[in-house]
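# Residue-level structural notes
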Amino acid sequence: QKEVEQNSGPLSVPEGAIASLNCTYSDRGSQSFFWYRQYSGKSPELIMSIYSNGDKEDGRFTAQLNKASQYVSLLIRDSQPSDSATYLCAVKQPGTSYDKVIFGPGTSLSVIP
Amino acid sequence: EAQVTQNPRYLITVTGKKLTVTCSQNMNHEYMSWYRQDPGLGLRQIYYSMNVEVTDKGDVPEGYKVSRKEKRNFPLILESPSPNQTSLYFCASSLSTRGLAEPETQYFGPGTRLLVL
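Anyway, here's the lowdown on the structure attached to this text. (Residues numbered from 1 in each chain as written. Chains lettered and ligands numbered in written order. Predicted model: local features only at pLDDT ≥ 70, side-chain atom pairs only at ≥ 80, totals over all residues. Heavy atoms only, no water.)

### Description of the pattern of salt bridges
Residues and elements named next belong to chain B. Heads up, the condition is: Take a side-chain nitrogen of Lys or Arg and a carboxyl oxygen of Asp or Glu: if they are within 4 Å of each other, that pair is a salt bridge. A helix here means a DSSP run of H or I that spans at least four residues, while a strand means a run of E at least two residues long, and both kinds are numbered starting from the N terminus. Burial classification: accessible surface area is computed with a 1.4 Å probe over protein chains only, and a residue below 20% of its type maximum counts as buried, one above 50% as exposed, and the rest as partly exposed.
Under the definition given, this model contains seven salt bridges over all chains. Among the ionic pairs, K18 bridges to E79, the shortest N-O distance being 3.9 Å. Taken together, the residues span a long stretch of sequence, with K18 in the loop between β2 (10–13) and β3 (19–25) and E79 in the loop between β8 (76–78) and β9 (87–94) at a distance of 61 residues. Given a relative accessible area of 52%, K18 falls into the exposed group. On the basis of relative accessibility, which here comes to 35%, the residue E79 falls in the partly exposed class. The closest approach of N and O atoms between E79 and K65, which form a salt bridge, is 2.9 Å. You can see E79 sitting in the loop between β8 and β9 and its partner K65 sitting in strand β7 (residues 65–66), a full 14 residues away along the chain. Through salt bridges with shared partners, a single network forms among K18, K65 and E79.

Right, here's the structure in full:
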């Protein structure tokens, strides 16, 4: 069983719509959750982090966390073509010597003008 | 400018020819890590280092070596590359990974695309 799962996509949405990206994780001890955006051929960049249940908003991005359901999501409002990228969900799990970050396989998002 | 640099950015080599991919950060970060990224598999950790002279295996360490003689540098060594090591490699660094109220973000290098023939 994969530790962090995401729908691979591609997810296609029209410009101006809401894009919804989902992620589930298996370790109930996970403490911190991240969303990275990765353009083709580029390195991942952090766009959101969330640590407690509920919603966290930053501009057009909203991260939602439900630890009971082991589920984290990212909503992108008013999607723009520049949002077309792969979105990586990452989960930080406490360890004995260091906290390990596990990445999901990523969801490819395409915003159609 | 705070950054993580990797060299080379692109490399084509042949099976068995030793190679080194360099990684350097200028942020005085303690923690550094190497990942490989393959289609459908996401980022998988190869090795990590919590500080100078402290390194440990990640999830996919076979066929790789690392060293951390200086805080800023964390080279990835492939002693005898094989075609299954063809991949996109990322080096990353962060200030620390423990004991912070808000965990530090990882800063990624630009990536090294390796093709082993």
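### Focus: a nonpolar patch on the surface
For clarity, the threshold we go by: The patches reported here contain residues having more than 30% relative accessible area and no salt bridge. Joining distances are 9 Å for like charges and 5 Å for nonpolar side chains (Val, Leu, Ile, Met, Phe, Trp, Tyr). Surface exposure here means Shrake-Rupley accessible area, sampled with a 1.4 Å probe, where a residue is shielded only by the protein chains that are shown.
Taken together, the side chains of I12, V14, L115 and L117 of chain B present a nonpolar region at the surface, about 380 Å² in accessible area. Classification of I12 of chain B as exposed rests on a relative accessible area of 61%.

### Overview of the state of the cysteines
We apply this condition: Note on terminology: pairs of cysteine sulfur atoms within 2.5 Å are recorded as disulfides.
With the rule as written, the count across this model stands at two disulfides over all chains. Through a disulfide, C23 of chain A is tied to C89 of chain A; the S-S separation comes to 2.1 Å. Judged by the sign of its S-S torsion, about -70°, the bond between C23 of chain A and C89 of chain A is left-handed. Placement of the pair is C23 of chain A in strand β3 (residues 19–25) and C89 of chain A in strand β9 (residues 85–93), with a sequence separation of 66 residues. The buried category is assigned to C89 of chain A, whose relative accessible area is 0%. The disulfide partner of C23 of chain B is C91 of chain B, and the gap between their sulfur atoms is 1.8 Å. Here the S-S torsion is close to -70°, and the disulfide linking C23 of chain B with C91 of chain B is therefore left-handed. On the criterion of sequence distance, the pair formed by C23 of chain B in strand β3 and C91 of chain B in strand β9 is long-range, its members being 68 residues apart. The class for C23 of chain B is buried, based on a relative accessible area of 3%.

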